[in-house]
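Remarks on the overall topology
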Amino acid sequence: MSSRYFADEKVNTGRQPELDLLKALCVVGMIVVHVVLDLGKQVMPSVIDDYLTEFFGAATFMTCMGIGMCYMRRQSSSAYLVRGFALLTIGQFLNIMRNALPNLIAYWITGRQFFIANSFLVLQSDILSFAGLAFLLMALFKKLKLKNGTILGISVVMSFLALLAWHTVPSPDSYLASQLLGYFIITDAEAYFPLFCYFIFAAFGYFIGGYYPRVKDKDALANRIMAICFPLALVYYVLRFALEMSFLPELGSDLQYNMKPLPDAIATCLFTLGVLALLYKFVKLFDGKLPKIVTQFSAHINNYYCVHYMFILPVQTILIAATGHVLPGRVLPIVYSLLLIVVCYAIVELNEKYWNIHFANLKGAKMIAFTVLVWIATVAIVVYAYPRIEVFANIWNDYLLP
């Protein structure tokens with residue numbers, strides 16, 4: 001049934017400028033934050049590291065991903081299944097290239113434990129592995145023909161179970177088992193974006209994405225959303241700052257960011273929806289037109305994720321092997337991050353115009369060969385590195401950075 005805000009059929013199709021702008025802002029923030037954290041160590045102001053990423057971090061990416069799912073041309077469970085496994089494979093290839101190979105080479109040259117420990121980050125619950133698992137789970141839900149609201153409800157239960165598991169389920173004695181479990185819940189391994197913790201954002205995006213194409217009065221809806229979402233999120237976070245909530249991780253901590261416990265997740269969803277409405281109002285001031293660079297950032301978000309990390313973690317490995325530390329001072333990491341944005345833009349543009357290197361272009365035997373090689377290499381690295389590591393590098397020990 002149509003309402004003041006929604007039509008019975010799709011009337012709001014095509015690219016959504018406010019969503020493009022939100023994704024572009026996330027890309028720029030991602031590059032800057034990752035450079036200063038991985039190459040500058042202690043140069044990130046705590047107000048950004050601890051709190052700003054609370055509102056404009058991975059949760060925003062995943063909400064955008066959920067909305068994007070509703071705009072995919074193919075909506076079959078098999079399409080989601082293929083997409084999920086492709087993301088897992090691409091993420092695994094990235095882990096090999098950015099973590100495993102540079103650190104293994106440095107280990108063979110120097111013999112230092114730091115490098116072999118970081119090579120084991122070939123296994124990690126990172127954003128691409130989360131995205132792959134989220135698509136696989138959505139493929140199951142598609143097969144079961146679950147409604148969007150039901151999927152969102154399941155994600156809320158998953159988030160609650162993740163918080164409960166943190167209080168009740170100890171990490172396995174085996175670090176390898178802990179790492180594998182970390183793909184789903186918080187453990188003492190590199191459990192950065194566990195499925196049970198972060199799926200709520202993809203499900204929330206998918207839920208609102210189901211309504212987005214039917215929005216007929218964006219102005220009125222944006223006003224209503226901002227009037228509701230911003231005050232609710234503000235009140236919650238004021239209480240979160242002011243009151244001691246022992247059943248939740250400390251706000252701004254690594255644990256809180258990696259877990260995003262249910263109450264925080266709900267507040268973040270409300271804030272993100274409010275920001276999306278605010279950006280619509282902003283874009284409307286320019287007649288809905290965005291610079292090409294913004295749409296390019298948005299359209300190639302996975303490319304930016306993969307490319308920018310190849311100029312961060314391998315560089316970190318080289319710096320530590322050669323000098324014993326990362327980039328000195330506060331200015332140099334910021335300058336490097338700004339230069340990297342330009343470099344990534346150029347690489348993505350050249351790839352689209354001339355190189356056309358995409359996983360999707362691999363067909364038949366080439367795709368099978370690439371996939372098999374990636375996963376065989378992963379197993380081989382794990383088998384080689386695992387027994388040689390004395391202390392494993394992860395977020396909880398700052399990756400053993402000197």
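The notes below deal with the structure included here.

Procedures and definitions
Residues numbered from 1 in each chain as written. Predicted model: local features only at pLDDT ≥ 70, side-chain atom pairs only at ≥ 80, totals over all residues. Heavy atoms only, no water. Helix = DSSP H or I, 4+ residues; strand = E, 2+ residues; numbered from the N terminus. Expected span 1.5 Å × (residues − 1). Buried < 20%, exposed > 50% of the residue type's maximum accessible area, 1.4 Å probe, protein only. Arc of directions from axis to C-beta. Contact = heavy atoms within 4.5 Å. Axes fitted to C-alpha atoms, helices over the stretch in contact; angles between N-to-C directions. Parallel < 35°, antiparallel > 145°, perpendicular 65-115°, else oblique. Left-handed = near helix turned anticlockwise from the far one by under 90°. Nonpolar A, V, L, I, M, F, W, Y, C, P; charged D, E, K, R; others polar. Core = buried A, V, L, I, M, F, W, Y, C linked by side-chain atoms within 4.5 Å. Patch = residues over 30% accessible without salt bridge, like charges linked within 9 Å, V, L, I, M, F, W, Y side chains within 5 Å. Areas by Shrake-Rupley, 256 points an atom, 1.4 Å probe, with all protein chains shown as cover. Salt bridge = Lys/Arg side-chain N within 4 Å of Asp/Glu carboxyl O. Phe/Tyr/Trp six-rings, centres within 6.5 Å; stacked < 30°, edge-to-face > 60°. Lys NZ or Arg CZ within 6 Å of the ring centre and 35° of its normal.

Attention now goes to helix H7 (residues 148–168). End to end, H7 covers 30 Å across 21 residues, agreeing with the expected 30 Å (1.5 Å per residue, within 8%). Three or more residues of H7 are buried, namely Ile-151, Leu-152, Ser-155, Met-158, Ser-159, Ala-162, Leu-163 and Ala-165. Summarising the axial view, the buried residues of H7 lie within an arc of 160 degrees, below the 170-degree limit, and thus occupy one face. Buried residues along H7 sit against helix H6 (127–143), helix H9 (195–211), helix H11 (254–259) and helix H12 (262–284).

Unusually for a residue other than glycine, Asn-356 sits at a positive phi of about 55 degrees. For Asn-356, the position within the fold is in the loop between helix H16 (331–355) and helix H17 (364–385). Judged by its relative accessible area of 44%, Asn-356 falls in the partly exposed class. At Asp-398, a position not held by glycine, the phi torsion is positive, near 60 degrees. On the accessibility criterion, Asp-398 (33% relative accessible area) is partly exposed.

Put simply, helix H3 (residues 58–69) and H9 touch, their axes get as near as 6 Å, and they point 40 degrees apart. In terms of orientation, H3 lies oblique with respect to H9. By crossing handedness, the relation of H3 to H9 is classed as right-handed. Between H3, through Ala-58, Ala-59, Met-62, Thr-63, Met-65, Gly-66, Ile-67 and Met-69, and H9, the contact on the second element is made entirely by Tyr-198, Phe-201, Ala-202, Phe-204, Gly-205, Tyr-206, Ile-208 and Gly-209. Here the contact of H3 with H9 is built from residues that sort into twelve nonpolar, four polar and no charged.

With 128 residues, the main nonpolar core has Ile-31, Phe-130, Phe-193, Tyr-198 and Phe-199 as its most contacted residues. What Ile-31 contacts, discounting residues up to four positions off in sequence, is Tyr-304, His-308, Ser-337, Leu-340, Ile-341 and Cys-344.

Orientation of helix H4 (residues 77–110) relative to H6, taken along the N-to-C sense of each, is 165 degrees, at an axis distance of 7 Å. Put simply, H4 runs roughly antiparallel to H6. As for how H4 packs across H6, the hand of that crossing is left-handed. For the pair H4 and H6, the contacting residues are Ser-77, Tyr-80, Leu-81, Arg-83, Gly-84, Phe-85, Leu-87, Leu-88, Ile-90, Gly-91 and Leu-94 in the first and Leu-128, Ser-129, Ala-131, Gly-132, Leu-133, Phe-135, Leu-136, Met-138, Ala-139, Lys-142 and Lys-143 in the second.

Within the secondary structure, Phe-85 sits in helix H4. Classification of Phe-85 by relative accessible area gives partly exposed; the value is 41%. In this structure the C-alpha to C-alpha distance between Phe-85 and Lys-289, which are 204 residues apart in sequence, comes to 35 Å. Setting aside residues no more than four positions away along its own chain, Phe-85 makes contact with Leu-136, Thr-371 and Trp-375.

A cluster of nonpolar side chains, namely Phe-93, Met-97, Leu-101, Met-310, Phe-311 and Val-343, defines an oily patch on the protein surface of about 420 Å² accessible area. If you tally residues by element for the nonpolar patch, the top one is H4, at three residues. Within the secondary structure, Phe-311 is located in the loop between helix H14 (301–309) and helix H15 (313–323).

Time to look at the environment of Trp-166. Position of Trp-166 relative to the elements: it lies in helix H7. Of the residues examined, Trp-166 reaches a relative accessible area of 27% and is grouped as partly exposed. Remark: the alpha-carbon pair of Trp-166 and Leu-248, spanning 82 residues in sequence, is separated by 9.7 Å. Other than its neighbours up to four places away in sequence, Trp-166 contacts Ile-186, Phe-247, Leu-248, Pro-249, Leu-255 and Met-259.

This paragraph deals with the environment of Val-157. Following the sequence through the fold, Val-157 ends up in helix H7. Residues Val-157 and Leu-262, 105 residues apart in the sequence, show an inter-C-alpha distance of 8.9 Å.

Attention shifts here to the packing of aromatic side chains. This structure, assessed with the given rule, holds 26 aromatic pairs. With a centroid separation of 6.3 Å and an interplanar angle of 25 degrees, the aromatic rings of Phe-85 and Trp-375 are classed as stacked. With Phe-85 in helix H4 and Trp-375 in helix H17, this pair connects stretches of sequence that are 290 residues apart. Residue classification places Trp-375 among the partly exposed positions, given a relative accessible area of 29%. By the ring-pair criterion, three or more aromatic residues cluster together here, those being Phe-130, Tyr-192, Phe-193, Tyr-198, Phe-201 and Tyr-257. Over the face of the ring belonging to Phe-135 we find Arg-83, whose NZ or CZ atom lies 5.9 Å from the ring centre.

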